[in-house]
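Close look at the chain arrangement
Here's the letter readout for the chains.
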Amino acid sequence: MHLVLNSPPGTSRVHTLGRELVMDEFIQLAINNLGLSESTARTATGGLLQSIQNQVGGEDARQLMLQLPGSEALIKNLATQSEFKECGGLVSKIGFLFGGKVDAATGLVGILDETGLGVDEIGPFASLFVYYLKGKVSYKLVDRILGRLPELQRMLY
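Bear in mind the structure is a predicted one, so any value in this text is a computation, not a measurement.

1. What about the side chain of Thr43?
Structurally, the position occupied by Thr43 is in helix α2 (residues 38-55). By relative accessible area, Thr43 is classed as buried at 8%.

2. Re the packing of aromatic side chains
In the structure shown here, the tally under the stated rule is three aromatic pairs. Ring geometry for Phe26 and Phe125: centres 5.7 Å apart, planes at 70°, overall edge-to-face. Here the residue Phe26 occupies a position in helix α1 (residues 11-34), and Phe125 occupies one in helix α7 (residues 119-136), the gap between them amounting to 99 residues. Among the residues examined, Phe125 registers a relative accessible area of 0% and is labelled buried. Judged by centre distance (5.2 Å) and plane angle (50°), the ring pair of Phe26 and Tyr132 falls under tilted. Note that Phe26 is positioned in helix α1 and Tyr132 in helix α7, a separation of 106 residues in sequence. A network of ring pairs unites the aromatic residues Phe26, Phe125, Phe129 and Tyr132 as a single cluster.

3. Here's the deal with the confidence of the model for the protein
When pLDDT is low, close inspection of the predicted coordinates is not appropriate. Mean pLDDT over the protein: 75, with 69% of residues reaching 70 or higher. Predicted confidence is poor over residues 1-19, with pLDDT under 50, and the contacts of this stretch with residues over four places away or in other chains come to three contacts. Within the model, the stretch residues 85-105 combines pLDDT values under 50 with 18 contacts to residues more than four positions away or in other chains.

4. Overview of the pattern of salt bridges
Applying the stated criterion across every chain yields a total of five salt bridges. Across the pair Lys136 and Glu25 runs a salt bridge whose closest N-O atoms are separated by 2.9 Å. Highlighted residues: Lys136 in helix α7 and Glu25 in helix α1, separated in sequence by 111 residues. The class of Lys136 is partly exposed, set by a relative accessible area of 37%. Its relative accessible area of 39% is what places Glu25 among the partly exposed residues. For the salt bridge of Glu38 with Arg42, the shortest nitrogen-to-oxygen distance reads 3.0 Å. Of this pair, Glu38 and Arg42 both sit in helix α2, separated by four residues, roughly a single helical turn. Among the residues examined, Glu38 registers a relative accessible area of 42% and is labelled partly exposed. Judged by relative accessible area, Arg42 falls into the partly exposed class, the value being 28%. A cluster of three or more residues bridged by salt bridges with shared partners is formed by Asp24, Glu38 and Arg42.

What counts and how
- Residues numbered from 1 in each chain as written.
- Predicted model: local features only at pLDDT ≥ 70, side-chain atom pairs only at ≥ 80, totals over all residues.
- Heavy atoms only, no water.
- Helix = DSSP H or I, 4+ residues; strand = E, 2+ residues; numbered from the N terminus.
- Buried < 20%, exposed > 50% of the residue type's maximum accessible area, 1.4 Å probe, protein only.
- Phe/Tyr/Trp six-rings, centres within 6.5 Å; stacked < 30°, edge-to-face > 60°.
- pLDDT = per-residue confidence, 0-100.
- Contact = heavy atoms within 4.5 Å.
- Salt bridge = Lys/Arg side-chain N within 4 Å of Asp/Glu carboxyl O.

What follows is the structure, encoded as structure tokens:
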């Protein structure tokens, strides 16, 4: 069965373009407020979104991705970058060295560090991201996500 949605001519393209701008808006915010390069801002945002998707999962992660158009594209682009693949391996190796248990914060900090953020930029970046989320999605959803990611909460200013 196929579902066909009818929309006025030309509106679906405009709608799609407008939706894609949601994550681009955050990327510009990170560039302008934190002085990040576009590449670093995109990679760090994709890494953070992927961490949320992996650690929170379920309906909350799905709702977040739906409400942040462009987020899935950032995650997909991240998966193709060799530096990020290496970071995932590094975090896994650290976990193995510590008996298979790596603190999620170490993983998240490691991921953000490997995306090009300096140690002193991780807190401001995470804070800006959460502030941005609160303006784009429901506070309840953000609170549930933060409740499942205490390591992200600890990074906030």
